[in-house]
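Spelled out, the chains give:
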Amino acid sequence: MRQDQIDLFMATNANNFPDCSKGSIRKALAECPEHRWPIIADMSFKNPVVALILSIFLGELGIDRFYIGNIGLGILKLITGGGCGVWWFIDLFLIMGSTRRVNYNKLAQVL
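From a predicted model like this one, the values you see are computed outputs, not experimental measurements. (Residues numbered from 1 in each chain as written. Predicted model: local features only at pLDDT ≥ 70, side-chain atom pairs only at ≥ 80, totals over all residues. Heavy atoms only, no water.)

S.K.: Sorry if this is basic, but what is going on with the overall build of the chain here?
M.R.: The number of helices and strands found in the chain is seven helices and zero strands. Listing the helices and strands of the chain from first to last along the sequence gives α-α-α-α-α-α-α. By its C-alpha atoms, the chain is 50 × 20 × 15 Å across when sized along the principal axes. Expressed as a percentage of its 111 residues, the buried residues of the chain come to 33%. Across the chain, every contact between residues at least 6 apart in sequence was considered, and the portion connecting residues at least 24 apart equals 63%. As displayed, the chain offers around 6,300 Å² of accessible surface, 65% of which is attributable to carbon and sulfur atoms. Charged side chains of the chain number 11 positive and 9 negative; the gap between the two group centres comes to 3 Å. (Helix = DSSP H or I, 4+ residues; strand = E, 2+ residues; numbered from the N terminus. Buried < 20%, exposed > 50% of the residue type's maximum accessible area, 1.4 Å probe, protein only. Contact = heavy atoms within 4.5 Å. Areas by Shrake-Rupley, 256 points an atom, 1.4 Å probe, with all protein chains shown as cover. Lys, Arg positive; Asp, Glu negative; His and termini not counted. Charge placed at Lys NZ, Arg CZ, Asp CG, Glu CD.)

Structural data, given as structure tokens:
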């Protein structure tokens, strides 16, 4: 891929990935064949801030986990009421990182 495409992708999506993986994403994008660029450019990623807001207001119902695609954990959180509030509280600190990891794994499957 061209450097300007990589820069554009990283400028628009950098907040959606873990900080420690941004260098490896740049490297993988540089080595990616040109015919995959339309697929990568059309990918949509979950916003970590939206996941946090969902966790604050609807976390006890597991909506935050459903949003990022963790259906099993979402159902478990829904059944237990957010682990009687304990799991909900812990997720307030972890949900943004989980969202970024899910986004990274989604991108890694395409690359």
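S.K.: For this particular structure, what's the right way to read helix α6 (residues 71-84)?
M.R.: Owing to its 3.6 residues per turn, the α-helix aligns residues three or four sequence positions apart on the same side. Here α6 contains 14 residues, and its C-alpha end-to-end distance of 19 Å stays within 8% of the 20 Å for a straight helix at 1.5 Å per residue. The largest bend in α6 comes to about 80°, at Leu78. The first or second residue beyond α6 is Gly85, which carries a positive phi of 90°. (Expected span 1.5 Å × (residues − 1). Bend = angle between axes of the 7 residues up to and from the residue.)

S.K.: Can you walk me through the side chain of Ser55 in this structure?
M.R.: Secondary-structure assignment places Ser55 in helix α4 (residues 48-58). Among the residues examined, Ser55 registers a relative accessible area of 0% and is labelled buried. Residues within four places of Ser55 in sequence aside, it is in contact with Asp64, Trp88, Asp91, Leu92 and Ile95.

S.K.: Explanation requested: the packing of α6 against helix α7 (residues 86-110) in the structure shown.
M.R.: For any two helices packed against each other, one specifies the crossing angle of their axes together with the interaxial distance. At a minimum axis distance of 6 Å, the contact between α6 and α7 shows a crossing angle of 115°. As summarised for this structure, α6 and α7 are arranged roughly perpendicular, according to the angle between their axes. For the pair α6 and α7, contact is made by Leu73, Leu76, Lys77, Thr80, Gly82, Gly83 and Cys84 and by Val86, Trp87, Trp88 and Asp91, respectively. Here the residues of the contact of α6 with α7 sort into six nonpolar, three polar and two charged. (Axes fitted to C-alpha atoms, helices over the stretch in contact; angles between N-to-C directions. Parallel < 35°, antiparallel > 145°, perpendicular 65-115°, else oblique. Nonpolar A, V, L, I, M, F, W, Y, C, P; charged D, E, K, R; others polar.)

S.K.: Can you walk me through the packing of α4 against α7 in this structure?
M.R.: At a minimum axis separation of 8 Å, α4 and α7 run at an interaxial angle of 160°. One finds that α4 runs roughly antiparallel with respect to α7. Our pair here, α4 against α7, has a crossing hand that is right-handed. Of the residues in α7, those in contact with Pro48, Val49, Ala51, Leu52, Ser55 and Ile56 of α4 are Trp88, Asp91, Leu92, Ile95, Met96, Thr99 and Arg100. By residue class, the composition of the contact of α4 with α7 is nine nonpolar, two polar and two charged. (Left-handed = near helix turned anticlockwise from the far one by under 90°.)

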